[in-house]
Amino acid sequence: MSFNSSRRHRSSACHNKHTDFINNVVSSLRTDPSKLDIIKNNLDEYRKQRFLKRGFLTAIERFDWVFEASEDIEFICQQILADDFIGQRLRRYPLLFKGII
């Protein structure tokens, strides 16, 4: 019983840490929209890599969709935070946000 409890606690702590990171990324992007270029550079770098998981490639593709839809920083931040398939996919790979914070 305590094993399951500690497992859930660790999972929750990890989730909170990840959520804090994403919130900090969004805050940083809203403060300095030029940091979108960092994300675009990250996407280009990962696109060049030969062996990536299919899910990671899908996240890159979803980010491309977001950037095609709009360059508006509020729209992009809303997409990152959205509780839909695209938002969940973008948040699943924090390496895409490397260098923002």
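Our structure's up above, just so we're on the same page.
Residues numbered from 1 in each chain as written. Predicted model: local features only at pLDDT ≥ 70, side-chain atom pairs only at ≥ 80, totals over all residues. Heavy atoms only, no water.

### Re the environment of Asp37
Here Asp37 is to be found in helix α2 (residues 36-48). Residues Asp37 and Ile100 lie 63 residues apart in sequence; the distance between their C-alpha atoms is 9.6 Å. (Helix = DSSP H or I, 4+ residues; strand = E, 2+ residues; numbered from the N terminus.)

### Observations concerning the pattern of salt bridges
The full count for this structure, using the stated rule, is seven salt bridges. Asp64 is paired through a salt bridge with Arg47; the nearest N and O atoms lie 2.6 Å apart. Taken together, the positions of Asp64 in helix α3 (residues 54-69) and Arg47 in helix α2 put the pair 17 residues apart, joining distant regions of the chain. Judged by relative accessible area, which is 25%, Asp64 ranks as partly exposed. (Salt bridge = Lys/Arg side-chain N within 4 Å of Asp/Glu carboxyl O. Buried < 20%, exposed > 50% of the residue type's maximum accessible area, 1.4 Å probe, protein only.)

### Let's talk about the packing of α3 against helix α4 (residues 73-81)
Two elements in contact, α3 and α4, have axes separated by 9 Å at closest approach and are oriented at 150 degrees. Considering the angle they form, α3 stands roughly antiparallel to α4. Here the hand of the crossing between α3 and α4 comes out right-handed. Counting all contacts with α3, which are made through Phe63, Val66, Phe67 and Ala69, the residues of α4 involved are Phe75, Ile76, Gln79 and Ile80. Classifying every residue of the contact of α3 with α4 by side-chain character gives seven nonpolar, one polar and no charged. (Axes fitted to C-alpha atoms, helices over the stretch in contact; angles between N-to-C directions. Parallel < 35°, antiparallel > 145°, perpendicular 65-115°, else oblique. Left-handed = near helix turned anticlockwise from the far one by under 90°. Contact = heavy atoms within 4.5 Å. Nonpolar A, V, L, I, M, F, W, Y, C, P; charged D, E, K, R; others polar.)

### Re the nonpolar core
Leu29, Ile39, Phe63, Ile80, Leu96 and Phe97 are the most contacted members of the largest nonpolar core, which has 24 residues in total. Of all the secondary structure elements, the ones that give two or more residues to this core are α1 (2-31), α2, α3, α4 and α5 (85-91). Per-element tally for this core: the top contributor is α3, with six residues. (Core = buried A, V, L, I, M, F, W, Y, C linked by side-chain atoms within 4.5 Å.)

### Side note on α4
Taken residue by residue, α4 has Ile73, Ile76, Cys77, Gln79 and Ile80 as its buried positions. Along the axis of α4, the buried residues cluster in a sector spanning 160 degrees; they form a single face. (Arc of directions from axis to C-beta.)

Treat this as a map of the structure, not an account of what it does.
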